[in-house]
Structure formats: C-alpha cells, structure tokens
Amino acid sequence: MRVLRATVCFAAAYTVVTVLAGATTLIYAAVNHTEDADARAASMVLAPSFTATVPYHVGIMLVVAGLFGMLYWRRPAGRRHEAVALAVAWTAAAMLVDFVGFVLIQNPWSLTPHELYVDYQPWITLLYAAVFVSAYGSRTILPRVWRRSTSSNALATSSSE
C-alpha cells in the first residue's frame, strides 16, 4: 500500500464528506425551519435535521470515498490484498478521526462516546461499512463494472454503424 497516497486520499475524502454532510444538514434545517427543534434536541444525533439527512450522509460517503478510492488506484498497481489493506486502513482511520474530532475535541457538533457509538446506530456502522466498501470496491468492483459498461457501449456503437 502506498501510505502517503492512501493518507492524502483518505484525508481529502473525509474532509469533503464532512463538509457535504454538514452542509446537507444545515441546508435542510434552513429550508424546513427546524433550527429551534434542533437546538432543543438532547443530542445532535437526535436533532430533527440530522436524523432526516443522515441517510444521505451514507450515500455521500459511498460516492465521495469511492471517487477518492479510484483516485488512489489511478495508476495500475496492487492486488486484492492491497485493496483489503486500504479498506481496513481507511475504516480504522475513519473510526479514529471520528473519535478525536467528535468526542475528544469539543466543538458545536461534539458527542459523547455513547451518543456516537450507541445513539448514532445504525448510521455510524453503515458509514464505516461505506468507507470499507468504497475503498475496497474502487479497486475490485468498479473496474469490472466500468469494463463491462464500456465494452457494451463499444459493442452497441459498432453494431449501430
């Protein structure tokens, strides 16, 4: 595994996902005027705006991490075991960064460990699964799907000429 490349791709993906997911929640709150209900919620993970948008956060994670996974694999290299190593590394990094960024460092979106790992179920598990699948699938699954779709497009184009 190319550690520096994996770290840069993960950091960029994590940053983009965090910004997009946060923006999605804030935009939802503004459009639906749920700011007061959000402020009264016992926890961020129980806020109406957050609970309404969290399924989209998983989709954002799948797409963005998948794109950065494809960027990581831009140069042909590695085998399936490297894809597994990347997926495990990115998932572990996401868990560590979440703990540091949302539990240890106090900020407006801070959570207790119970809120992050219990109240945020099943979403936190689905987010970590999305990281794993995106990192692994960007090397093992997406290239096969891409080859199939481009070969069928080429076949359709040649048959229509």
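Small disclaimer: the values here were computed from a predicted structure and weren't measured.

Student: I keep staring at the nonpolar core and nothing clicks. Help me out?
Tutor: Proteins that are soluble and globular tend to have nonpolar side chains buried together. Ranked by internal contacts, the top residues of the largest apolar core, which has 36 residues, are F50, M61, L86, W90 and Y120. Of all the elements in the fold, those that place two or more residues in this core are α1 (3-32), α3 (48-72), α4 (80-104) and α6 (123-140). It is α3 that contributes the most residues to this core, nine residues altogether. In this structure, L86 is in contact with M1, A6, Y72, W73 and A135, ignoring residues within four places of it in sequence.

Student: Even after reading the chapter, I still don't get α1, so can you show me in this structure?
Tutor: The α-helix winds at 3.6 residues per turn, so residues separated by three or four positions along the chain end up facing the same way. Over its 30 residues, α1 extends 43 Å from the first C-alpha to the last, a length consistent with the 44 Å expected when each residue adds 1.5 Å. Buried residues of α1: R5, A6, C9, F10, A13, Y14, V17, A21, G22, T25 and A29, and no others. On the buried face of α1, the contacting elements are α2 (35-40), α3 and α4. Just downstream of α1, H33 is the residue with a positive phi angle, here 55°.

Conventions used here
One numbering rule holds for all chains: residues counted from 1, following each sequence as written. The predicted nature of this model means local features are confined to residues of pLDDT at least 70 and side-chain atom pairs, given and counted, to a pLDDT of 80 or more, with totals for whole chains, interfaces and linings taken over all residues. Excluding hydrogens and water, the side-chain figures rest on all heavy atoms present in the structure. Remark: nonpolar core denotes a set of buried residues (Ala, Val, Leu, Ile, Met, Phe, Trp, Tyr, Cys) joined through side-chain atoms within 4.5 Å. Accessibility here uses a 1.4 Å probe with only protein chains present; expressed as a share of the type maximum, an area under 20% marks a residue as buried, one over 50% as exposed, and anything in between as partly exposed. In DSSP terms, a helix is any run of H or I states spanning at least four residues, a strand is any run of E spanning at least two, and both are numbered starting from the N terminus. Contact between two residues is taken to exist if any of their heavy atoms lie within 4.5 Å; hydrogens are not considered. Helix span is expected to be 1.5 Å times the residue number reduced by one.

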